[in-house]
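These are the residues of each chain, in order.
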Amino acid sequence: MKRAQRPEGYWHIVLRQFRRNRVAIAGLVVVLLLFIIAAFADFIASDKPLVMKYRNQVYFPVLKDYAAWLGVARWETQFQNVSFKDFVASNFDKRDWAQFPPIRYSPNEVSLTSVLRPPSAQHLLGTDDVGRDIASRVVHGSRVSLSVGFVAVSIYVLIGLFIGALAGYYGGIVDMIASRMIEIMLTIPTFFLIITVVAFLPPSILNIMIVIGITNWPTVARLTRGEFLKTKSLEYVVAAKALGASDVRTIFRHILPNTIAPVFVAATFGVASAILIESTLSFLGFGVPPSKASWGSILSNARQLLPSGWWLTVFPGLAIFLTVTSYNIVGEGLRDAADPRLKES
Amino acid sequence: MPDGAEPLLRVRNLKKYFPIRRGLLSHIAGHVKAVDDISFDINKGETFGLVGESGCGKTTAGRAILRLIEPDAGTVRFDSIDLLQLRKQELRRKRRDMQIIFQDPYASLNPRMTIRTIVGEPFAIHRLAAGLEREHRVADLLKTVGLDPVMMNRYPHEFSGGQRQRIGIARALALKPKLVVADEPVSALDVSIQAQIINLLADLQQQFGLTYLFISHAIPVIEHISTRIGVMYLGELVEVGTSAQICLAPKHPYTQALLSAVPIPDPAAKKQRIVLHGDVPTPINPPSGCRFHTRCPIAVERCKTEEPPLRQIEDGRDVSCHLV
């Protein structure tokens, strides 16, 4: 018997199992990559230089843009409302230089001189009917997709956990009411409910997040309820009750940690479907406002232009496909890793 | 019962019926009469053994006494307090004095907690010790039950069944309870480990002046540890007496049958095995009259219609049988 202290908790085991699954790891890498792209979208695709030297002074226009947006700094008067590309072309002399991001266009930068260009060295993924760079739009669109996926799922997981936990733990009349609510919600086709609700609301990302959030909780609630029912009669939960533990303590310290894994797996799949819902809504024109680039809205725009410009549909479509697939792969890997039958190995 | 002194635990007419729900509106279609009107006393410092076949309601009785399951009727006076009258908060505080040891050492420890947290939890719940002091008390408890405190940071799955049961005992003893309900504490363990745990429980009783309600289906275990024994059949107590009375001179035909099934470790010994025929009837619809009459070898006509009360036949000796 080893005397060394080596705590190995449940999540350590899950992690170890997950690491063995190469496909899932690949999915996780893609998801993390997407997060990096979304977080640094402005540094990857922008019409402003990352760094530039102008008249012996070094500027960081992209960072400045953030600062100005936050209200902690102001643009120098000479750069106010200026197009940096024009500025560089007309004002720079030999000693000045500017380093632009890899994609030198902003997502909403209209250029009527380069409309519907196929992919080229200048526009990696081509341009749309008003000359906006598709690469830039796809990069910035990742923000909408990922944040909608994340926030919407967080909302409904919280609601679902709360209702499911109450129903499963207290039973009786609470369970009756909660279960009927779940059943009623499940009979309503969620997507049409979302369309109906969104039709009455001004288009905004927040509204979409909230609507997806408050329509999708029943599956999580049902899952949580079942897990709670199963777990609350286990002897260690009875033991906690026998010790005099409060309901809050019993729920949060004994039941929840032992029921959260399947909810977590469901949430991962949920992110994928929330991203799909957002894309679909934007595609149908109920989604993000036109000023925001989203994968769905790029597709929606492309639909009117078909059959010209295959690049308008292929690249945002590919982005959606890649993201949703990666999330599903990660979810599947997590489900397998969290399977109690594998715990011992 | 010694005159004047009130027993530590006095159970009167305890009942627990589980409703069976059926159909769309889940109307109640009947009741499983798990515990049907049982009464007994446990004096301070003694071990009361509750014995019976699987499904006779002994576990339900133990849990109903601690209000881990809410009883439907009866009174439970513990430590001069009527437990069934306590409100939720009062009951939670009172739980310090009454603890339970479970049958399945694999299910009774939270798999996500270290031993330190599991054994330290009673102190956390009742805000009795924190930080280093809690740590010392946990270490002491582990030593008391024969475990090395070095193992504190491990998770339950790293222990054997016997070790886990020791952890469960340490947790139950943390708050120095007056009454411990031991619900089949050894039936899930290997025979060699069973003896260790039984002896540990006996030592701890000496050391801390504990009172046990010891629930088991194994007569030899019950006989070894109990001062008094109650025999249950289909939710009812059929015979109560001292360990010697029950095991050496059983009066109720059911007790006699139970005892005759215990193997005697002597090949020369002559044994009169009473074989009971038929299955245990369902507790949903128990037989009329004496519940045991369907399997009783000596039943007469009267047993089918008239229910025998649990009556005292000598001092401290109760039997429910018309023919005794």
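The rules behind these values
- Residues numbered from 1 in each chain as written.
- Chains lettered and ligands numbered in written order.
- Predicted model: local features only at pLDDT ≥ 70, side-chain atom pairs only at ≥ 80, totals over all residues.
- Helix = DSSP H or I, 4+ residues; strand = E, 2+ residues; numbered from the N terminus.
- Buried ≥ 20, exposed ≤ 12 C-beta atoms within 10 Å, placed from the backbone.
- Contact = placed C-beta atoms within 7 Å.
- Rg over C-alpha atoms; globule rule 2.2 N^0.38 Å.
- Pairing = 2+ DSSP bridges.
- Axes fitted to C-alpha atoms, helices over the stretch in contact; angles between N-to-C directions.
- Domains from an automatic or database assignment.
- Nonpolar A, V, L, I, M, F, W, Y, C, P; charged D, E, K, R; others polar.
- Parallel < 35°, antiparallel > 145°, perpendicular 65-115°, else oblique.

## Brief notes about the overall build of chain A
Step number 1: The number of helices and strands found in chain A is 14 helices and 3 strands.
Step number 2: In terms of its C-alpha atoms, chain A occupies a principal-axis envelope of roughly 80 × 55 × 40 Å.
Step number 3: Here chain A holds 345 residues, and 39% of them are scored as buried.
Step number 4: When contacts within chain A are restricted to residue pairs at least 6 apart in sequence, those whose partners lie at least 24 apart make up 69%.

## Remarks on the overall build of chain B
Step number 1: Summing up its helical and strand segments, chain B has 10 helices and 12 strands in all.
Step number 2: Relative to the globule expectation of 20 Å for 324 residues, the C-alpha radius of gyration of chain B, 21 Å, shows essentially globular dimensions.
Step number 3: By its C-alpha atoms, chain B is 70 × 60 × 50 Å across when sized along the principal axes.
Step number 4: The 324 residues of chain B split such that 41% are buried.
Step number 5: Expressed as a percentage of contacts within chain B between residues at least 6 apart in sequence, the contacts between residues at least 24 apart total 63%.

## Observations regarding the sheet that holds strand E1 (residues 51-54) of chain A
Residue and element names in this part refer to chain A.
Step number 1: Pairing is antiparallel in the open sheet, where 3 strands are placed in the order E2-E1-E3. Edge strands, defined here as strands with exactly one partner in the open sheet, are strand E2 (57-59) and strand E3 (97-99). With direction set aside, neighbouring strand axes in the sheet form an average angle of 15°.
Step number 2: With 3 bridges connecting them, E1 and E2 associate as antiparallel partners. Directly across from Lys53, in E2, lies its bridge partner Val58.

## Some remarks on the domain arrangement of chain A
Step number 1: Under the domain assignment, chain A is made up of domain 1 (47-100) and domain 2 (136-344).
Step number 2: A straight line from the C-alpha centre of domain 1 of chain A to that of domain 2 of chain A covers 41 Å.

## Section: the interface of chain B and chain A
Interfaces are often described in size by the accessible area the parts lose on coming together.
Step number 1: Across the boundary between the two partners, chain B contributes 25 residues, which contact 20 residues of chain A.
Step number 2: Only helix H2 (88-94), strand E6 (98-101) and helix H3 (115-125) of chain B provide two or more residues apiece to the side of chain B that touches chain A.
Step number 3: The element best represented in the side of chain B that touches chain A is H3 of chain B, accounting for 3 residues.
Step number 4: Residues of the side of chain B that touches chain A, tallied by class, amount to 11 nonpolar, 6 polar and 8 charged.

## As for the environment of Ala29 of chain B
Residues and elements named next belong to chain B.
Step number 1: Summarising the element assignment, Ala29 is placed in strand E2 (residues 27-42).
Step number 2: We classify Ala29 as exposed; it has 11 C-beta atoms within 10 Å.
Step number 3: As for Ala29 and Leu213, which are separated by 184 residues in sequence, their C-alpha atoms are 33 Å apart.
Step number 4: Residues in contact with Ala29, not counting those within four places in the same chain, are Ile20, Arg21 and Arg22.

## A closer look at H3 of chain B
Step number 1: A large share of H3 of chain B lies buried, amounting to 8 of its 11 residues.
Step number 2: Of all the residues in H3 of chain B, the buried ones are Ile115, Ile118, Val119, Gly120, Glu121, Pro122, Phe123 and Ile125 of chain B.
Step number 3: Against the buried residues of H3 of chain B lie helix H12 (247-284) of chain A together with helix H4 (131-144) and helix H5 (161-173) of chain B.
Step number 4: Two residues or fewer after H3 of chain B comes Arg127 of chain B, characterised by a positive phi angle close to 45°.

## As for the environment of Ala178 of chain A
Residue and element names in this part refer to chain A.
Step number 1: Locating Ala178 in the fold gives a position in helix H7 (residues 172-187).
Step number 2: Residue Ala178 is classed as buried on the basis of its C-beta count, with 23 C-beta atoms lying within 10 Å.
Step number 3: A C-alpha to C-alpha distance of 8.2 Å links Ala178 and Leu166, two positions 12 residues apart in sequence.
Step number 4: Dropping the residues within four chain positions of it, Ala178 is found in contact with Ile163, Leu166, Ala167 and Ala221.

## Quick word on unusual backbone geometry
Residue and element names in this part refer to chain B.
Step number 1: The phi dihedral of Arg67 falls on the positive side, at around 60°, and the residue is not glycine.
Step number 2: With respect to the helices and strands, the residue Arg67 is situated in the loop between helix H1 (58-65) and strand E4 (73-78).
Step number 3: Residues other than glycine seldom take positive phi values, yet Ser80 does so here, at roughly 65°.
Step number 4: Position of Ser80 relative to the elements: it lies in the loop between E4 and strand E5 (81-82).

## Considering the packing of H12 of chain A against helix H14 (residues 311-338) of chain A
Residues and elements named next belong to chain A.
Step number 1: Where H12 contacts H14, the two axes come as close as 8 Å, and the packing angle between them is 170°. Our classification of the angle between H12 and H14 gives roughly antiparallel. Mapping the contact onto sequence places Ala261, Phe264, Val265, Thr268, Phe269, Val271, Ala272, Ile275, Leu276 and Ser279 in H12 and Ile320, Thr323, Val324, Tyr327, Asn328, Val330, Gly331, Leu334, Arg335 and Ala338 in H14.

## Re the sheet that holds strand E12 (residues 317-319) of chain B
All names here are of chain B.
Step number 1: Taking strand neighbours across the sheet as the criterion, the 8 strands line up as E6-E7-E8-E3-E9-E10-E12-E11 in an open arrangement whose pairing is mixed. Edge strands, defined here as strands with exactly one partner in the open sheet, are E6 and strand E11 (311-314). Sheet twist, expressed as the mean angle between neighbouring strand axes with direction ignored, is 25°.
Step number 2: As paired strands, E11 and E12 are joined by 3 bridges and run antiparallel to one another. Among the inter-strand pairings, Arg311 is bridged to a residue of E12, identified as Val319.
Step number 3: Sitting on the sheet, helix H9 (residues 253-260) touches strand E9 (228-233) and strand E10 (236-242), and the angle it makes with E9 is about 105°.

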